[in-house]
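Fold and contact review
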Amino acid sequence: MKRKINKYDIVIYSCLLAAIAFLVLGGKDYFTTLDEETTVKDEFKSALKEINNTEEEDIPTDTNTGEPEPENLVNFDKFSIVQKYLDSILDQIVKDKLITYKMIKTWDEYSVLNMQYQKEVTDKYYEYVVDIKISNKNANLPTEENKDLSTDEYSVITLKFYIQDSYERNGFIVKKIDA
């Protein structure tokens, strides 16, 4: 027995075919855009690598560039910013790639010994060299011990802290640490 095709079946099947066609066209357009984004990302990454290689050759990393410290930072308590950041790692509020919770737990007592302004990396993003005094001589350290500043009683490590002027928090925050 043959089934009779009514006008509603024609409308339903034509709408389904149109929907499938639109999905195929949309998917094709999406994947074309995705390929273009990948090439833009690759170009951006290669440009960043080129810039970073140039900066490393041009700018000495361990010496002060001679820039004066910005006035908004001169009278600000930067020591407490670094201390709070380290305390936040210990309290497991913040996770850092260089200094981990387990590492800082072995330090027993620690404090910021010295802090020297290096340069303004970008707008409102500053680099400081920080010496951290650690009471436990057998502690796990993220970098080599600073032999010049360390004694028999305590160890000192020197790290680079990048501090940003944060509008959201109405103050300064530590954004990154490097060895």
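Residues numbered from 1 in each chain as written. Predicted model: local features only at pLDDT ≥ 70, side-chain atom pairs only at ≥ 80, totals over all residues. Heavy atoms only, no water.

Turning to the overall build of the protein, a few remarks are in order. Broken down by element type, the protein carries four helices and four strands. Helices (α) and strands (β) of the protein occur, in sequence order from the N terminus, as α-α-α-α-β-β-β-β. A burial count over the protein gives 28% of its 179 residues as buried. Sequence separation of 24 or more characterises 52% of the internal contacts of the protein that already satisfy a separation of 6 or more. (Helix = DSSP H or I, 4+ residues; strand = E, 2+ residues; numbered from the N terminus. Buried < 20%, exposed > 50% of the residue type's maximum accessible area, 1.4 Å probe, protein only. Contact = heavy atoms within 4.5 Å.)

Bringing the confidence of the model for the protein into the picture now. Mean pLDDT over the protein stands at 81; residues scoring 70 or higher make up 82%. Low pLDDT, under 50, characterises residues 55-63; the stretch is placed with seven contacts to residues that sit more than four places away or in other chains. (pLDDT = per-residue confidence, 0-100.)

Assignment of secondary structure puts D131 in strand β2 (residues 125-134). In this structure D131 is buried but unpaired, with K160 as the nearest side chain of opposite charge at 12 Å. With residues up to four places along the chain from it excluded, the contact list for D131 reads S111, V112, L113, N114, N146, L149, V156, I157 and T158. (Lys, Arg positive; Asp, Glu negative; His and termini not counted. Salt bridge = Lys/Arg side-chain N within 4 Å of Asp/Glu carboxyl O.)

Attention now moves to unusual backbone geometry. Positive phi, normally seen in glycine, also occurs at Q92, with a value near 60°. Along the chain, Q92 turns up in the loop between α3 (78-90) and α4 (101-105). Its identity as a non-glycine residue notwithstanding, D108 has a phi of 65°, on the positive side. By relative accessible area, which is 54% here, D108 ends up exposed.

With that settled, consider the nonpolar core. Core analysis: the biggest nonpolar cluster contains 27 residues, and L86, I99, W107, Y128, V130, I132 and F161 have the highest contact counts within it. Going through the elements one at a time, α3, α4, β1 (110-122), β2, β3 (155-166) and β4 (171-178) are the ones with two or more residues in this core. (Core = buried A, V, L, I, M, F, W, Y, C linked by side-chain atoms within 4.5 Å.)

Tracing the backbone through its elements, the reader meets I104 in helix α4. Remark: the alpha-carbon pair of I104 and I89, spanning 15 residues in sequence, is separated by 7.6 Å. Those residues in contact with I104 that lie beyond four places of it in its chain are L86, I89, L90, I99 and Y110.

On to the sheet that holds β4. Read from one edge of the open sheet, four strands run β1-β2-β3-β4, paired in antiparallel fashion. Looking at the sheet topology across the chains shown, the edges are occupied by β1 and β4. Taken pair by pair, the neighbouring strands of this sheet meet at an average axis angle of 30°, ignoring direction. Judged from the 10 bridges that link them, β2 and β3 form a sheet pairing that is antiparallel. Residue Y125 lies in a different strand from β3, and its bridge partner there is Q164. (Pairing = 2+ DSSP bridges. Axes fitted to C-alpha atoms, helices over the stretch in contact; angles between N-to-C directions.)

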